[in-house]
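Observations on chain architecture
Now for the letters of each chain:
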Amino acid sequence: MNSTTAMAAMTFTFRPLDPLQDAELLHNWLTHPKAAFWMMQDARLEDVERAYMEVAADEHQDAFLGLHDGVPAFLMEQYDPVHRELTGLYEPQPGDVGMHFLVPATDTPVSGFTRSVITAVMAHLFEDPRTARVVVEPDVGNKAVHSLNEAVGFVPEREIQKPEKKALLSFCTREQFEKAMKAMSV
C-alpha cells in the first residue's frame, strides 16, 4: 500500500519497508544516540534485518518507510495492540491501531519537520476507515514525543509497565486528531 500525505509544503510518501534492502539505513537510524528510546543502540546489522523480517512475517504488524521528496526520511510501524505490544495492558476497543515512528538524526534539521511527520503518520493511519483510535506507548521519559503526541490530539491515559520500559499509554481518536489539525491551521 503506497500513500501520499501533504503537510503544508511537505509531501510524504509511505512504502512498505523491505527488511533486507532497508536494513543498513535502519541500522544507522536505530543505533544513533538520538534513537535511544528504541532500545537498539547495540544492535548489529543482522539484528535489524532479523527484527524487521519478523515484522514483515507478522500479520499483526507492518513497517513503512516515510519518504520526503522520494528520499527515506522516517520509519513508521503500525500494529494491532490486541496481539502486539499492549496485550493484557489495557482494554482494547474495535478500531484501535498501535503506532511507533522515528525521525532519524540529521545534520541539517528543518524546523517543524518532526511535527509534519507525526501529522502525516496520523493522517495515513486514519486513511483506513477501520481505524477509530491510535494507541501509543512511548517511554515516560521521552518528553519530546509526549509534546508531539499532544500536538496531534493524543490524550495520555496512564503509565503502564511494559517488560522493557515504563510507558505513557495515550490515545487519539479520529475526532481528536481532526480537532488538533483545525487548531494547528488557525
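Summarised in this report is the structure supplied together with it. In this text, all values refer to a predicted model and were calculated from it rather than measured experimentally. (Residues numbered from 1 in each chain as written. Predicted model: local features only at pLDDT ≥ 70, side-chain atom pairs only at ≥ 80, totals over all residues. Heavy atoms only, no water.)

1. Details of the packing of helix α3 (residues 113-126) against helix α4 (residues 143-151)
Applied cut-off: Note on definitions: angles span 0 to 180 degrees between N-to-C directions of axes, and those axes are lines fitted to C-alpha atoms, for helices only across the stretch in contact. Helix numbering and strand numbering both begin at the N terminus, where a helix is a DSSP run of H or I of at least 4 residues and a strand a DSSP run of E of at least 2. Oblique is the label for any angle not under 35 degrees, not over 145, and not in the 65 to 115 range, which are roughly parallel, roughly antiparallel and roughly perpendicular in turn. We call a crossing left-handed when the near helix sits turned anticlockwise from the far one by less than a right angle, and right-handed when that turn is clockwise. Residue contacts follow a heavy-atom distance rule, with two residues in contact if any of their heavy atoms lie within 4.5 Å. Residues are grouped as follows: Ala, Val, Leu, Ile, Met, Phe, Trp, Tyr, Cys and Pro are nonpolar; Asp, Glu, Lys and Arg are charged; every other residue, Gly included, is polar.
The geometry of α3 relative to α4 is characterised by a closest axis approach of 10 Å and an angle of 55 degrees between their N-to-C directions. The angle between α3 and α4 falls in the class oblique. Along this stretch, α3 crosses α4, giving a crossing that reads as right-handed. Facing Thr114, Arg115 and Ile118 of α3, the residues of α4 in contact are Leu148, Asn149 and Ala151. Taken together, the residues of the contact of α3 with α4 sort by class into 3 nonpolar, 2 polar and 1 charged.

2. Digging into the pattern of salt bridges
For clarity, the threshold we go by: Here, a salt bridge means any Lys or Arg side-chain nitrogen found within 4 Å of an Asp or Glu carboxyl oxygen. Three exposure classes are used, based on accessible area relative to the maximum for each residue type with a 1.4 Å probe and protein chains only: buried under 20%, partly exposed in between, and exposed over 50%.
Scanning all chains against the criterion turns up 12 salt bridges. The closest approach of N and O atoms between Asp96 and Arg133, which form a salt bridge, is 2.8 Å. Of this pair, Asp96 sits in strand β5 (residues 96-102) while Arg133 sits in strand β6 (residues 133-136), and the two are 37 residues apart along the sequence. When its relative accessible area of 9% is taken as the criterion, Asp96 is described as buried. Since its relative accessible area comes to 10%, Arg133 is described here as buried. When the shortest N-O distance is used, the salt bridge between Lys166 and Glu159 registers 3.5 Å. What you see here is one network of salt bridges that share partners, running through Glu85, Glu137, Lys162, Glu164 and Lys165.

3. Points about the nonpolar core
Our working rule: Remark: nonpolar core denotes a set of buried residues (Ala, Val, Leu, Ile, Met, Phe, Trp, Tyr, Cys) joined through side-chain atoms within 4.5 Å.
Counting 29 residues, the largest nonpolar core has Phe74, Met99, Phe101, Val117, Val121, Met122 and Phe154 as its most contacted members. When residues of this core are traced back to their parent elements, those giving at least two are β2 (10-16), β4 (71-79), β5, α3, β6, α4 and α5 (174-185). In terms of residues, this core owes the most to one element, α3, which gives 8 residues. Non-local contacts of Phe101, meaning those with residues more than four positions away in its chain, are made with Trp38, Leu75, Met76, Thr114, Val117, Ile118, Val121, Val145 and Leu148. In terms of nonpolar packing, the next biggest core, distinct from the first, is built from 16 residues, Trp38, Ala43, Leu65 and Leu102 among them.

4. A closer look at unusual backbone geometry
A positive phi is found at Met39, a non-glycine position, where the angle reads about 55 degrees. Residue placement: Met39 occurs in the loop between α1 (23-30) and α2 (45-57). Note on Met39: relative accessible area 43%, which makes it partly exposed. With a phi angle near 55 degrees, Asp69 is a residue other than glycine that sits in the positive phi range. Note on placement: Asp69 falls in the loop between β3 (61-68) and β4.

5. Some points on the packing of aromatic side chains
Which entries qualify depends on this criterion: Aromatic pairs are defined between Phe, Tyr and Trp rings, using the six-membered ring for Trp, whenever the two ring centres lie within 6.5 Å; interplanar angles under 30 degrees are classed as stacked, those over 60 as edge-to-face, and all others as tilted.
What the rule picks out here adds up to 5 aromatic pairs. Arranged with centres 5.5 Å apart and planes meeting at 45 degrees, the rings of Tyr90 and Phe171 form a pair that is tilted. Placement of Tyr90 in the loop between β4 and β5 and of Phe171 in strand β8 (residues 166-173) is noted, with a sequence separation of 81 residues between them. As far as burial versus exposure is concerned, Tyr90 and Phe171 are alike and both buried. Through pairs of rings, three or more aromatic residues link up here, namely Phe12, Phe14, Phe74 and Phe113.

6. Let's talk about the packing of α3 against α5
Contact geometry of α3 with α5 gives a least axis separation of 11 Å together with a crossing angle of 140 degrees. Between α3 and α5, the angle falls in the class oblique. Judged by the sense of rotation from one axis to the other, the crossing of α3 with α5 is left-handed. Every residue of α5 that contacts α3 at Arg115, Thr119, Met122, Ala123 and Phe126 is listed here: Arg174, Phe177, Met181 and Met184. Across the contact of α3 with α5, the residue classes break down as 6 nonpolar, 1 polar and 2 charged.

7. Overview of the side chain of Glu77
Under the convention used in this document: This count recognises Lys and Arg as positive and Asp and Glu as negative, with His and chain-terminal groups excluded. Polar contact criterion, stated in full: a pair of N or O atoms within 3.5 Å, where within protein one must be able to donate a hydrogen and the other to accept it, and residues adjacent in sequence count only if both atoms are side-chain atoms.
Checked against the element boundaries, Glu77 lands in strand β4. Within the buried core, Glu77 has no salt-bridge partner, and the shortest N-O distance to an opposite charge, that of Lys162, equals 9.2 Å. At 2.4 Å, the side chain of Glu77 forms a polar contact with the side chain of Tyr52. A distance of 2.8 Å separates a polar atom in the side chain of Glu77 from a polar atom in the side chain of His100. Setting aside residues up to four positions removed in sequence, Glu77 forms contacts with Trp38, Tyr52, Asp62, Ala63, Gly98, Met99 and His100.

That is the geometry; function is a separate question.
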